[in-house]
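Overview (structure and organization)
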Amino acid sequence: MKVVLLGINSKYVHTNLAIRYIRGYLKKYGNIEAAILETSINNELPEILRDIYEAKPNFLIVSTYIWNKEYVFKLVKEVKKVLPFIKVALGGPEVSYNSEEVMNEFFEIDYIISGEGEESTLQLLTKGIEDVFGVYYRDGDRIKHNDSQESICNLDKIPFPYTDEELIENKEKILYYESSRGCPFNCSYCMSSIDRSVRYFSVDRVKKDLKTFLDRGIKILKFVDRTYNLKKERYMEIWRYLLDNYNGHTTFHFEISGDLFDEEAISFLEKVPDGYFQFEVGVQTTNPSTMALINRKNDLEKLKDNVLRIKENIHLHLDLIAGLPMEGYETFKNSFDYVYALEPEMIQLGFLKILKGTQISQEVDKNQYKYMNFPPYEVLSSSHISYSELLRLKNIEKVLDYYYNSGKFKKSVQFILGNFYEKNFNLYEELADFFEKNAYFKVAHKQTVIFNYLYDFYTEKGFDKIDVFLEYLKYDYLMQGKPGFYPEWYRKDKNKDVYGEIVKNLNFKTNREAYKKTEYEGFDYDILLNRAGRRELLFVYTKNGVEIKESNL
Ligand code: SF4
C-alpha cells in the first residue's frame, strides 16, 4: 500500500507538523512508510494534482485547516478523476466537528479522521473498518462512525516528527513543535477549548528533541502548545535547559498567558539573551464585560507589569480580537491603546471567527452575529459593531502593519504621537481614513511610497514642527538601507565627497564600495537625544543590519 500524507500550508515558510507526527507513528507501530507531500495555498492546484498523480498513492490523507479548506475541497474533486481507485481521507480541525456534513457534500471523500489523528490513521490503514475508532466512513449511501478515538495518554509514544534531511533542508523555515496538547481554558470562540484536558510530553523527551533542533541550528521553532506556561516547574525546567544550551542562532516562539508568571519566572526571563525567546500573548480585549462573556479572566495589571519587565529582551506579539461580544468600536479603542502602550514588537489585530463546535457558535442569535459562510468565517456585524466599523478596523490593521509592525517608522511615528495625539488609536484611525480617501489601499506600495504617504499625511493635517519631523523621517528612512534615491521631502544635508575619508577609516577597498555600503548624513535636530542640537551620523550597512557611528568627517 502506498500512502501519501498531504500538507497544504498557508505560506511557503511554514511546515506541517500534524502529517509528520502521523508519518512517524505509522512507521513505528504499523511499519508503514508514508510519504510526505507538502505545498502551500499559493501554488497552482494543477501542479499539486500532478504531484499526487505522479506519486500514485493508494491512499491520500490530507491535513485540513481553516486556511486550506477551500483548496482541499477543490483538490479532492479532481483527484479521483485522474486516480479513480485512490482512497481519500481528510483530517484536522476543519473537518472534525462537522464530518458527516462534509462527507455528504463531497462524495469524493472516503474517510474523515475526526480528532487526534495518529492512532485513528494507523487503525484505518491496518484494521477492518468495523474495528476503527475516530473515523467517519461510507457504507453504501450511509455515513458511519464506530466511536471516538481515545486520546493518546502517553505522548512520548509519538516519535520525533522531523527527519534529519528535513531539519537540514528546512532550517531557514518556521518549524513547529509541541510539548503538550490541549488547553484547560474555556475561551468561548476557540476550538482548543472543546477538549479541556491537557497532556504533556515528558520533560526528558522535550529536552532531547530540543537538543536536536539546537544542534541543527534551526532558525525559528514555534511551540504550538496552546498555553505553554501552565505548569511552572515543567516550563521553567525546559527554559533553563534552553538557556544552558543557547546557540546564538535559534529563536523559540511560545504562546503564553502573560499574567500567569510569578517573580521567579519574570526574573529568569529578564536574563534570557535578546531575541532568543519570542512570546505571543493573547490579550484579545480589555473590556470587562467582554472578558466575562468569553470566559477569559486576564489580570490586566499583572500582565502589564510582566510585559514591561521582559519586553527589552523578549520579542512580544500581542493579539487583539475585534468583534467579540459587547466589544464595540469605542471599547475596542481602549483595548488597542492598552496593548499599544506596552510597546510590543508586534500588535496582531485579528477579527472574530465563528468556528464550528465552539461556544460562541451557539450564541450567534444572542449577539446578532452575521458572519461569512465560508472560511475564514469572519464576523461581518453584531449587536455591538457594524460592518462599516469592522471595515474601518480592517483598514487600521493595514496601516498598523505599515507604520508599527514593520518597525520602520519608530522615530517619526513616535514624534507624531508624542506631539499631536492623546490616544494612539486616533493616529492610526486618521491614517487609515487618509489611505481610504486617497484609494491607497487599492494598490501595492513600495517602501519609499509608504514614507511619502506619512509626509503627505503630516502636511495635510497641518501639523507644526515640520523641520523636526523631517529629521526623524529621514533617520527612519536611512535605517532601511542605503537609499536607492532620495524622495522629494528628504533634506540632504551632506553633499560633500566624504567617501575617501570613510575608506580610510573603515578599511573599505574602494570609494565605490564605501559609497555603496554607507551613508553620511547630518541632522539639524538631535534625533538620538530628542532635543535641539546637531548630529552627524555615519550609517554603515552590513549583512546583519545597520550600524550607526557618530561622525565628524
Ligand atoms: S484562546 Fe488560548 S487560552 Fe483560550 S481556550 Fe483557546 S488556546 Fe486556550
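Residues numbered from 1 in each chain as written. Predicted model: local features only at pLDDT ≥ 70, side-chain atom pairs only at ≥ 80, totals over all residues. Heavy atoms only, no water.

Observations regarding the overall build of the chain
- Along its length, the chain carries 20 helices and 20 strands.
- Here the chain has a C-alpha radius of gyration of 27 Å; the compact-globule value for 553 residues is 24 Å, and the two agree.
- Residues classed as buried in the chain amount to 52% of the 553 residues present.
- About 25900 Å² of surface is accessible on the chain, with carbon and sulfur atoms providing 48% of the total.
- Taken as two groups, the 76 positive and 85 negative side-chain charges of the chain have centres that lie 3 Å from each other. (Helix = DSSP H or I, 4+ residues; strand = E, 2+ residues; numbered from the N terminus. Rg over C-alpha atoms; globule rule 2.2 N^0.38 Å. Buried < 20%, exposed > 50% of the residue type's maximum accessible area, 1.4 Å probe, protein only. Areas by Shrake-Rupley, 256 points an atom, 1.4 Å probe, with all protein chains shown as cover. Lys, Arg positive; Asp, Glu negative; His and termini not counted. Charge placed at Lys NZ, Arg CZ, Asp CG, Glu CD.)

Focus on the sheet that holds strand E20 (residues 545-550)
- Read from one edge to the other, the open sheet built from three strands follows the order E18-E19-E20, with strand pairing classed as antiparallel. A single partner strand is all that each edge strand has here, and the edge strands are strand E18 (518-523) and E20. Here the strands of the sheet are splayed against their neighbours by 25° on average, with no regard to which way each runs.
- Strand direction decides the pairing type here: E18 and strand E19 (residues 535-542), joined by six bridges, are antiparallel. Note that in E19 the partner of Phe-523 across the bridge is Arg-535.
- Helix H18 (residues 466-478) contacts E18, E19 and E20 of the sheet and is inclined by roughly 170° relative to E18. (Pairing = 2+ DSSP bridges. Axes fitted to C-alpha atoms, helices over the stretch in contact; angles between N-to-C directions. Contact = heavy atoms within 4.5 Å.)

A short note on the sheet that holds strand E12 (residues 251-256)
- One open sheet holds the six strands; their spatial order is E8-E11-E12-E13-E14-E15, and the pairing between them is parallel. In this open sheet, the two edge strands, each paired with only one partner strand, are strand E8 (174-177) and strand E15 (346-351). The sheet shows a mean angle of 25° between the axes of neighbouring strands, taken without regard to direction.
- Where strand E14 (residues 315-322) and E15 come together, six bridges link them in parallel fashion. Residue pairing across strands places Leu-318 opposite Ile-347, the latter belonging to E15.
- Its contacts with the sheet put helix H8 (residues 203-216) on E8, strand E11 (220-223) and E12, and the angle it makes with E8 is roughly 170°.

A look at the site of the ligand
- Around the ligand lies a shell formed by Cys-183, Phe-185, Cys-187, Tyr-189, Cys-190, Ser-192, Ser-193, Arg-226, Thr-227 and Arg-296.
- Within the shell around the ligand, the residues separate by chemical class into five nonpolar, three polar and two charged. (Near = heavy atom within 4 Å. Nonpolar A, V, L, I, M, F, W, Y, C, P; charged D, E, K, R; others polar.)

Considering the pairing of strand E7 (residues 142-145)
- Examined bridge by bridge, strand E6 (residues 135-139) and E7 share four bridges and lie antiparallel to one another. Following the sheet pairing, Tyr-137 is matched in E7 by Lys-144.
- Taken together, E6 and the strand that follows it, E7, pair antiparallel across an intervening segment of two residues, in which Gly-140 is found at a positive phi of about 65°.

A closer look at unusual backbone geometry
- The amide bond that connects Pro-375 to the next residue, Pro-376, takes the cis arrangement and shows omega of 10°.
- By the element assignment, Pro-376 lies in the loop between strand E16 (370-371) and strand E17 (379-381).
- Even without a glycine there, the phi angle at Met-326 is positive, about 65°.
- With respect to the helices, strands and loops of the structure, Met-326 is situated in the loop between E14 and helix H13 (329-341).
- The phi dihedral of Asn-507 is positive, around 60°, even though this residue is not glycine.
- Among the structural elements, Asn-507 can be located in the loop between helix H19 (499-506) and helix H20 (511-517).

Focus: the state of the cysteines
- Throughout the structure, instances matching the rule amount to zero disulfides.
- Cys-183 provides the cysteine sulfur closest to Cys-153, a residue in no disulfide bond, and the two sulfurs are 19 Å apart.
- Judged by its relative accessible area of 67%, Cys-153 falls in the exposed class. (Disulfide = S-S within 2.5 Å.)

A few points about the packing of aromatic side chains
- Applying the stated rule across the entire model yields 66 aromatic pairs.
- The interplanar angle of 55° and the centroid separation of 5.9 Å between the aromatic rings of Phe-336 and Tyr-428 together place this pair among those described as tilted. You can see Phe-336 sitting in helix H13 and its partner Tyr-428 sitting in helix H16 (residues 424-437), a full 92 residues away along the chain.
- The aromatic ring of Tyr-29 is capped on one face by Lys-157, whose charged end is 5.2 Å from the ring centroid.
- Geometry around Tyr-21 places Arg-181 over its ring, the cationic atom sitting 5.3 Å from the centre. (Phe/Tyr/Trp six-rings, centres within 6.5 Å; stacked < 30°, edge-to-face > 60°. Lys NZ or Arg CZ within 6 Å of the ring centre and 35° of its normal.)

Spatial relationships are all this shows, so hold off on functional conclusions.
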